[in-house]
Amino acid sequence: MKRFQKAAGQWLPGLAKLRGVTAAVVASVALSGCGVVNHMVYKTTGDVLQGFSRNHTVPYLLSTDDLAMGCAMSEATAPLLMSFGRVTNEPDQIAVMLYLSAAGCADEQAREHELTGLAALGNMDGNAAEDAMIRQKRAHALAAKRYFRSWQHHNAYYGEPSNGECPDFDDDLDEFIYMAGLLSGLQALNAEIQSTSAIGVPKNVGSVVGRATSCLDSDKWWGAPMALRATIWAMIPGAMPEGENAFERLEMSDRQGEQAGVRLSHVFHAIAAMNKGDNERLRDVIRRHAESIEETPSNEEWAFVDAMSTQMIVAISDRMWVENTGYRTPLGRLGTFWDDEPEDVETMDLDDLL
């Protein structure tokens, strides 16, 4: 009996330790199991959201013309969608559109600050003008960061455009996002220059983008790829091939965009004209845009792109009006200017009726 009690006394502590180890193992397995399950749920959710955004949200957004809503959506949802890169594949393709649109929000703020500054200068209010210009540069710096993020995700998904190889596109939307990424790269450099900050955008982005536009069918995309390439020719010394004429190419692209109801080429043409200091050409582009949107409705599938083009043309017109009058383009008068000759009005001689 004493021998049994002594043996039991030796076993019981061992059994207690075994139960403790077993409980720890069971708890560890359970907890790790929860982690695995959670990871699978998160990954599945991320994959579903990425697929839905690419196949439905982006096409739906592109068919609308509410730029403010698209801007708000991009700024609000980018952190959510991008966070799924922690549990599944990085959403590089969707990121191109998200950061491009979010950068456009900051660009719009910069334009508003610029108009405020110009108006303050006209009123001889130096402090207000200086403050507006500082805010303008800050907004451009934010835009440059976002455009650059879009460009980096573009390169991660499609490959470095500088290698000279064109990607294989799955469908039209895939091709469009490629073009949007090229625009992001060029805009990143432009915004960085205007911000007077060092964001880290490579200075050869313009030439890289110009070559990469050859991967796109310009006839298919409303003349925009050729217009983008011609604008780079006009802006970068030595970039234009022998025998080419940048502004002739821009004229051709404009006609394609006007017929298609997607007038993105007008924006590139206006930028090239401003860079050359050709004010008459700039006015002509603005007039043609105003006439075209009256004559040809926006392409229903790409209404967002056409609305964005009009917004940028209006912004250029607003700057011109504020510089010369102190106020922006009056409603309903896009395509007209403060110094236009008054139209002849037919009058009736009432003396003959008396």
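These figures come from a predicted structure and were not determined experimentally.

(A) Spatial organisation of the packing of helix H9 (residues 264-276) against helix H11 (residues 303-325). At a minimum axis separation of 8 Å, H9 and H11 run at an interaxial angle of 30 degrees. Comparing the axis directions of H9 and H11 gives the class roughly parallel. Considering the relative orientation of H9 and H11, their crossing is left-handed. Contacts from Leu264, His266, Val267, Ala270 and Met274 in H9 reach Val305, Met308, Ser309, Met312, Ile313, Ile316 and Arg319 in H11. Among the residues forming the contact of H9 with H11, the class breakdown is nine nonpolar, two polar and one charged.

(B) Broad picture of the pattern of salt bridges. Taken as a whole, this structure holds 19 salt bridges when the rule is applied. A salt bridge links Arg319 to Glu114; the shortest N-O distance between them is 3.0 Å. Remark: Glu114 occurs in helix H3 (residues 92-122) and Arg319 occurs in helix H11; sequence separation between them is 205 residues. Residue Asp306 is joined to Arg263 by a salt bridge in which the shortest nitrogen-to-oxygen separation is 2.7 Å. Remark: Arg263 occurs in the loop between helix H8 (246-260) and H9 and Asp306 occurs in helix H11; sequence separation between them is 43 residues. Exposure remark for Arg263: the relative accessible area of 1% places this residue in the buried category. Beyond isolated ion pairs, a larger network of salt bridges with shared partners links Glu251, Asp254, Glu258, Asp278, Arg281 and Arg288.

(C) Representation of the environment of Arg146. Mapping Arg146 onto the fold places it in helix H4 (residues 126-158). Judged by its relative accessible area of 18%, Arg146 is buried. For the pair formed by Arg146 and Ser184, sequence separation is 38 residues and the distance between their alpha carbons is 8.7 Å. Those residues in contact with Arg146 that sit more than four places away from it in its chain are Glu75, Tyr99, Ala102, Ala103, Cys105 and Ala106. Within the structure, the side chain of Arg146 is placed 2.8 Å from the side chain of Glu75, a separation counted as a polar contact.

(D) Spotlight on helix H2 (residues 67-83). Between its first and last C-alpha atoms H2 spans 25 Å; for 17 residues at 1.5 Å apiece the expected length is 24 Å, and the two agree. At Thr77, H2 shows its largest bend, some 45 degrees, and a proline, Pro79, comes one to four positions later. Its side-chain oxygen 3.4 Å from the backbone nitrogen of Ala68, Asp66 forms the N-cap of H2.

(E) Just the side chain of Thr310, in detail. As for its position among the elements, Thr310 is in helix H11. Under the relative-accessibility criterion, Thr310 is labelled buried at 17%. At a separation of 2.8 Å, a polar atom in the side chain of Thr310 contacts the side chain of His289. For Thr310, the contacting residues outside a window of four places in its chain are His289 and Ile293.

(F) Representation of the packing of H2 against H3 in the model. Here H2 crosses H3 at 135 degrees, and the two axes come no closer than 8 Å. Judged by the inter-axis angle, H2 sits oblique to H3. When the axes of H2 and H3 are compared, the crossing they make is left-handed. In contact with Gly70, Cys71, Ser74, Glu75, Thr77, Ala78, Leu81 and Met82 of H2, H3 contributes Ile94, Ala95, Leu98, Tyr99, Ser101, Ala102 and Cys105. Among the residues forming the contact of H2 with H3, the class breakdown is 10 nonpolar, four polar and one charged.

(G) Examining the nonpolar core more closely. If you look at the biggest cluster of nonpolar residues, it comprises 62 residues, and the most contacted ones within it are Leu62, Phe176, Trp222, Phe268, Trp302 and Val305. A total of 12 residues in this core trace back to one element, the largest contributor, which is helix H5 (residues 172-195). Those residues in contact with Trp222 that sit more than four places away from it in its chain are Phe176, Met179, Ser253, Gln256, Gly257, Ala260, Val262, Trp302 and Val305.

(H) Seen up close, the state of the cysteines. Throughout the structure, instances matching the rule amount to two disulfides. The partner cysteine of Cys71 in its disulfide is Cys105, sulfur to sulfur 1.8 Å. Note that Cys71 is positioned in helix H2 and Cys105 in helix H3, a separation of 34 residues in sequence. What makes Cys105 buried here is its relative accessible area of 5%.

(I) Up close: the side chain of Thr213. Residue placement: Thr213 occurs in the loop between helix H6 (205-212) and helix H7 (224-235). Side-chain polar atoms of Thr213 contact the side chain of Arg229, separated by 2.6 Å. Setting aside its immediate chain neighbours within four residues, Thr213 contacts Leu182, Pro225, Leu228 and Arg229.

Quick notes on the rules
- Residues numbered from 1 in each chain as written.
- Predicted model: local features only at pLDDT ≥ 70, side-chain atom pairs only at ≥ 80, totals over all residues.
- Heavy atoms only, no water.
- Axes fitted to C-alpha atoms, helices over the stretch in contact; angles between N-to-C directions.
- Helix = DSSP H or I, 4+ residues; strand = E, 2+ residues; numbered from the N terminus.
- Parallel < 35°, antiparallel > 145°, perpendicular 65-115°, else oblique.
- Left-handed = near helix turned anticlockwise from the far one by under 90°.
- Contact = heavy atoms within 4.5 Å.
- Nonpolar A, V, L, I, M, F, W, Y, C, P; charged D, E, K, R; others polar.
- Salt bridge = Lys/Arg side-chain N within 4 Å of Asp/Glu carboxyl O.
- Buried < 20%, exposed > 50% of the residue type's maximum accessible area, 1.4 Å probe, protein only.
- Polar contact = N/O pair within 3.5 Å; in protein donor to acceptor, adjacent residues only side chain to side chain.
- Expected span 1.5 Å × (residues − 1).
- Bend = angle between axes of the 7 residues up to and from the residue.
- Core = buried A, V, L, I, M, F, W, Y, C linked by side-chain atoms within 4.5 Å.
- Disulfide = S-S within 2.5 Å.

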